[in-house]
Amino acid sequence: MTDTHAPRADAYPGEALIDHGAIAHNLRVLRAAAPAAKQMAVVKANAYGHGLLPVALTALASGSDWLGVAQLPEAVELREGLDRAGVDRADAPVLAWITTPGSDFAGAIRAGIDLSVSWTWVLDAISAAARAVGRPARVHVKIDTGMSRAGSTLADLPALASALAAAQADGLVEVVGAWSHLSRGDDPSEGGLASTASHVGIFERGLRMLGEAGVRPAIRHLAATAGILWHPETHYDMVRAGIGLYGLSPDPAVADSRELGLRPAMTLRAPLTSVKVIERGAPVSYGGTWRAPTRRWAGLVPLGYGDGILRSASNAAPVVVRGPGGDVPARCAGRVCMDQFVIDLGPAGGAAGTPGSQSGAPPARVGDGAVLFGDPATGAPTADQWAAAAGTINYEVVTRLGDHIPRIHIRAGRSQ
């Protein structure tokens, strides 16, 4: 979708346009890749920077069966938003998978939030809360299949399985799910494929151990986006649509969003606040790490690392300026500052070093929209390109965007 409305003069200098048509499209693509499994839309970290509740509502309207977040407070925020929106809790089960010893398990149980259990201490705390609330907690037991993060190892699982069976018999928990995560699902190398096969094998062993203890979860889930796309053997009863939901590839080196049929949902832009000529050799920004190779037009974008723009993308990241004469390709010149960065708009005419020398018409003007990244189908740079320039991954590019940047949610041509 091409967006044509100009940046708003009354807003923060910069905005992220969120295309909900793209989100719905991406979920359909991922559903088609795992048609027999339930689909969890992962909306953790403010929906990967796209907006927690709006994205969750679009996911549910698009047929997603579950919602997933990492942090329990965000799950509570999500549940409250869904309640205000009139969404029946039975139609929007929510799983939260990170808790601490001080977590409000009683509040989570009252809110109908499913909780992940990796260790007996978590189960003990959840069981105590369930006893106090007077209703069972819904839990998903996590098995460590090789990530070495959360999850019970096979050595520890018998004790956890026994405790789960006892808590289940006492009516304190309902074991809804068993789950894990692939550490190299985006890696098609021989080693990556062997790792995924090992994860599946450990997961199967863990499921058998749970069954031997009398714990038989109805929903088994192992695959995130990479598993959905490239490892059908990991689909089980439910899959978790994460980065692909937002139109980004889990590994562009394997296949980028276009090759996967996905549409990036976020476009980040800001109006230029300065357009001027700088002379050949002029240093730009802190440290003078970039110098003008010729007489150049320089533009100023009013976003910086304080807004979540990657400083490590200095001197490299692409930008496109939407001017009245068409798109102007540009590139970050010099270091990204806290709240702004300079872009190189190309050569300027006139005699170098001559005051008042005519430079010709500027390629862009103050107020023109500078697009940092978006959907390449519209001619925008991509989050993948920013990630490559910064030596990171597209996940970080979108999720680190500051919450103070307005999200403009676009549905069927309308902005909200």
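Summarised in this report is the structure supplied together with it. Keep in mind that what you see is a predicted model, and the values were worked out from it rather than measured.

Examining the overall build of the protein chain
Helix and strand content of the protein chain: 12 helices and 20 strands. By principal-axis analysis of the C-alpha atoms, the protein chain measures approximately 85 × 50 × 40 Å. A sequence separation of at least 24 residues applies to 69% of the contacts in the protein chain between residues at least 6 apart. Between the mean site of the 37 positive side-chain charges and the mean site of the 38 negative ones, the protein chain shows a separation of 4 Å.

Observations concerning the pattern of salt bridges
This structure, assessed with the given rule, holds 11 salt bridges. Across the salt bridge formed by Asp114 and Arg138, the nearest N and O atoms sit 2.7 Å from each other. Of the two residues, Asp114 is situated in strand S5 (residues 113-117) and Arg138 in strand S6 (residues 137-142); the sequence distance between them amounts to 24 residues. On the basis of relative accessibility, which here comes to 0%, the residue Asp114 falls in the buried class. The shortest N-O distance in the salt bridge between Asp327 and Arg322 comes to 2.5 Å. The partly exposed category is assigned to Arg322, whose relative accessible area is 28%.

Points about the nonpolar core
Counting residues in each nonpolar core, the largest one holds 117 residues, and the members touching the most others are Phe341 and Trp386. Tallying contributions element by element places helix H7 (residues 157-169) first for this core, with six residues. Apart from the residues within four sequence positions on either side, Phe341 is in contact with Gly299, Leu300, Val301, Leu303, Ile309, Val319, Cys332, Val336, Leu372 and Trp386. Core analysis: the next-biggest nonpolar cluster, separate from the first, contains nine residues, Ala282, Val284, Trp290 and Ala333 among them.

Observations concerning helix H1 (residues 20-33)
For H1, spanning 14 residues, the distance from its first C-alpha to its last is 20 Å, which sits close to the expected 20 Å at 1.5 Å a residue. Of the positions making up H1, those classed as buried are His20, Ala22, Ile23, Ala24, Asn26, Leu27 and Leu30. Residues of H1 that are buried make contact with strand S1 (15-19), strand S2 (38-42), helix H3 (52-61), helix H9 (225-230), strand S9 (238-241) and strand S19 (407-411). For H1, the side-chain oxygen to backbone nitrogen distance between the N-cap and Gly21 is 2.9 Å, and the N-cap itself is Asp19.

Some words on H7
Taking 1.5 Å per residue as the helical rise, H7 with its 13 residues ought to reach 18 Å, and the 18 Å between its terminal C-alpha atoms agrees with that figure. If you check which residues of H7 are buried, you get Leu157, Leu160, Ala161, Leu164, Ala165 and Ala167. An end-on view of H7 places all buried positions within 165° of arc, on one side of the element. Along H7, exposed side chains directed more than 90 degrees from the buried face belong to Ala159 and Ala169. As for H7, its buried residues are in contact with S5, helix H6 (120-133), S6, strand S7 (173-179) and helix H8 (190-212). Looking one or two places after H7, you find Gly171, whose phi comes out positive at around 75°.

Details of the side chain of Ser195
Structurally, Ser195 is set in helix H8. Here Ser195 falls in the buried class, since its relative accessible area comes to 13%.

A closer look at the packing of H1 against H3
H3 packs onto H1 with a crossing angle of 45° between their chain directions and a minimal axis gap of 9 Å. One element, H1, and the other, H3, form an angle in the oblique class. Crossing of H1 over H3 shows right-handed handedness. From H1, His20, Ile23, Ala24 and Leu27 reach across to H3, where they touch Pro54, Val55, Thr58 and Ala59. Broken down by class, the residue content of the contact of H1 with H3 amounts to six nonpolar, two polar and no charged.

Each value, and the rule that gives it
- Residues numbered from 1 in each chain as written.
- Predicted model: local features only at pLDDT ≥ 70, side-chain atom pairs only at ≥ 80, totals over all residues.
- Heavy atoms only, no water.
- Helix = DSSP H or I, 4+ residues; strand = E, 2+ residues; numbered from the N terminus.
- Contact = heavy atoms within 4.5 Å.
- Lys, Arg positive; Asp, Glu negative; His and termini not counted.
- Charge placed at Lys NZ, Arg CZ, Asp CG, Glu CD.
- Salt bridge = Lys/Arg side-chain N within 4 Å of Asp/Glu carboxyl O.
- Buried < 20%, exposed > 50% of the residue type's maximum accessible area, 1.4 Å probe, protein only.
- Core = buried A, V, L, I, M, F, W, Y, C linked by side-chain atoms within 4.5 Å.
- Expected span 1.5 Å × (residues − 1).
- Polar contact = N/O pair within 3.5 Å; in protein donor to acceptor, adjacent residues only side chain to side chain.
- Arc of directions from axis to C-beta.
- Axes fitted to C-alpha atoms, helices over the stretch in contact; angles between N-to-C directions.
- Parallel < 35°, antiparallel > 145°, perpendicular 65-115°, else oblique.
- Left-handed = near helix turned anticlockwise from the far one by under 90°.
- Nonpolar A, V, L, I, M, F, W, Y, C, P; charged D, E, K, R; others polar.

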